[in-house]
Amino acid sequence: MSYQRDFTIGLRETQDFYLSLVLGRWRKGIAGFGLVGALAALLYTMNTALALPVQAAAVLAGALAGAGIAAAAVAVSTLGKVREQVRRSGRERYVQETEINGFGVHVTVGKDRAKMDFMDLLRVQETRKAFYLFLSANQAWILPKAQMEEGDCARLRGLFSAVIEKGKLNIKGSR
């Protein structure tokens, strides 16, 4: 089985990738801010005449507000940093020629060519917007779903399920 497609990687795809990385790393921190928001709401409502359901709703709202504000701050910061890095690099958009076959993953960007065996990939992750083929913890080849044809996602899931060990695979249907 083989898959071949050219993808145009621009600012949006790059931002989506780094945002997924950063939010994944900040998951516990965001939950901590949610806990702080819940505790703050609890302290403000503890000695009031509010009914227990209203107090519980306030605590829940505090938790959601704390987590939401933290997530929004992380997202805005990340998107801005990525935008600045892309602007400084001078490479706001590039074509990534991708071929996945029985020998591994072959990617060409301009004059640069790279090949990696499946066993050397750190992991393969599917998100709502893309497949990420991780070369390292912070670097991946991006396969944007919006640029795929109908049936490509299912083909890629089948291909990756057949060649990537389960511990390195985070795609729909493998969880």
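Look up: the structure comes first, before these words.
Chains are numbered independently. Their residues run from 1 in the order of the written sequence. Predicted model: local features are reported for residues with pLDDT of at least 70 only, side-chain atom pairs are reported and counted for 80 or more only, and whole-chain, interface and lining totals are derived from all residues. Computation of side-chain values: all heavy atoms of the structure, hydrogens and water removed.

Asker: Give me the lowdown on the packing of helix α1 (residues 11-25) against helix α3 (residues 52-89), citing residues and values where you can.
Answerer: Where α1 meets α3, the closest approach of the two axes is 9 Å, and the angle between their N-to-C directions is 140°. One element, α1, and the other, α3, form an angle in the oblique class. In this structure, α1 meets α3 at a crossing whose hand is right-handed. Listed contacts from α3 to L11, T14, Q15, Y18, L19, V22 and L23 of α1 are A71, V74, A75, T78, L79, V82, R83 and V86. Every angle, taken between N-to-C directions, lies between 0 and 180 degrees, and every axis is a line fitted to C-alpha atoms, over only the stretch in contact when it is a helix. Here a strand is any run of E in DSSP of at least two residues, a helix any run of H or I of at least four, and the numbering for each starts at the N terminus. When an angle is under 35 degrees it counts as roughly parallel; over 145 it counts as roughly antiparallel; between 65 and 115 it counts as roughly perpendicular; any other value is oblique. For any helix crossing, the convention is left-handed if the near helix is rotated counterclockwise from the far helix by under a right angle, and right-handed if that rotation is clockwise. Whether two residues are in contact is decided by their heavy atoms: any pair within 4.5 Å suffices.

Asker: Summarise the side chain of Q125; cite the residues concerned and give the values.
Answerer: Summarising the element assignment, Q125 is placed in strand β5 (residues 123-126). By the criterion applied in these results, polar contacts are pairs of N or O atoms within 3.5 Å in which, for protein atoms, one can donate a hydrogen and the other can accept it, and in which residues neighboring in sequence qualify only through two side-chain atoms. Within the structure, the side chain of Q125 is placed 3.4 Å from the side chain of R123, a separation counted as a polar contact.

Asker: Could you give me a rundown of the side chain of Q15, with the residues and numbers involved?
Answerer: Checked against the element boundaries, Q15 lands in helix α1. Here the side chain of Q15 touches L79 through a polar contact of 3.1 Å, landing on its backbone oxygen. Setting aside its immediate chain neighbours within four residues, Q15 contacts L79, V82 and R83.

Asker: Please set out the pattern of salt bridges residue by residue, giving values where relevant.
Answerer: The rule for a salt bridge is simple: a side-chain nitrogen of Lys or Arg has to be within 4 Å of a carboxyl oxygen of Asp or Glu. One pass over the structure, following the stated rule, counts nine salt bridges. Across the salt bridge formed by E126 and R157, the nearest N and O atoms sit 2.7 Å from each other. In this pair, E126 is assigned in strand β5 and R157 in helix α4 (residues 152-163), connecting sequence segments 31 residues apart. Overall, the relative accessible area of 4% leaves E126 in the buried class. Where salt bridges share partners, they join R5, E149, D152 and R155 into one cluster. Note on exposure labels: buried denotes an accessible area under 20% of the residue type's maximum, exposed denotes more than 50%, and partly exposed covers the range between, all computed with a 1.4 Å probe on protein chains only.

Asker: Residues and numbers for the sheet that holds strand β7 (residues 139-144), please.
Answerer: Two pairing modes exist for strands in a sheet, parallel and antiparallel, and in both the strands are linked by backbone hydrogen bonds. One open sheet accounts for four strands, arranged β7-β6-β5-β8; its pairing is mixed. Each end of this open sheet is capped by a strand with a single partner; those strands are β7 and β8 (169-170). Pairing analysis gives four bridges linking β5 to strand β6 (residues 130-136), with the strands arranged antiparallel. If you follow R123 over to β6, its bridge partner there is F134. On the sheet, α4 packs against β5, β6, β7 and β8 and is oriented at approximately 35° with respect to β6. Pairing between strands is defined by DSSP: at least two bridges between the two strands are required.

Asker: Give me the lowdown on α1, citing residues and values where you can.
Answerer: Every helix has an expected span of 1.5 Å times one less than the residues it contains. Compared with the 21 Å implied by 1.5 Å per residue over 15 residues, the 21 Å span of α1 between its first and last C-alpha is a close match. Check the buried side of α1 and you find it contacts β1 (3-10), α3, β5, β6 and β7.

Asker: Outline a nonpolar patch on the surface, supporting the account with residue identities and numerical values.
Answerer: A cluster of nonpolar side chains, L35, L39, L42, L43 and M46, forms an exposed patch at the surface whose accessible area comes to about 490 Å². Its place among the elements puts L43 in helix α2 (residues 27-45). When its relative accessible area of 62% is taken as the criterion, L43 is described as exposed. Patches were defined on residues exceeding 30% relative accessible area and lacking a salt bridge, with like-charge contacts within 9 Å and nonpolar side-chain contacts (Val, Leu, Ile, Met, Phe, Trp, Tyr) within 5 Å. Note that accessible areas follow from Shrake-Rupley with a 1.4 Å probe, and for residues the cover is restricted to the protein chains shown.

Asker: Which residues make up the packing of aromatic side chains, and what values go with them?
Answerer: Note on ring pairs: Phe, Tyr and Trp rings are taken, using the six-membered ring of Trp, and paired if centres are within 6.5 Å. Classes follow the plane angle, with under 30 degrees stacked, over 60 edge-to-face and the rest tilted. For the coordinates displayed, the defined rule picks out five aromatic pairs. Ring geometry for F17 versus Y18: centroids 5.0 Å apart, planes at 70°, classification edge-to-face. Overall, the relative accessible area of 3% leaves F17 in the buried class. Residue classification places Y18 among the partly exposed positions, given a relative accessible area of 30%. Counting every residue linked through ring pairs, the aromatic cluster contains F17, Y18, Y132 and F134. Here, a charge over a ring means that NZ of Lys or CZ of Arg falls within 6 Å of the ring centre while also lying within 35 degrees of the ring normal. Lying across the ring of F134, R123 places its NZ or CZ 3.7 Å from the centre. One cation-aromatic arrangement involves K145 over F131; the distance from NZ or CZ to the ring centre is 5.4 Å.

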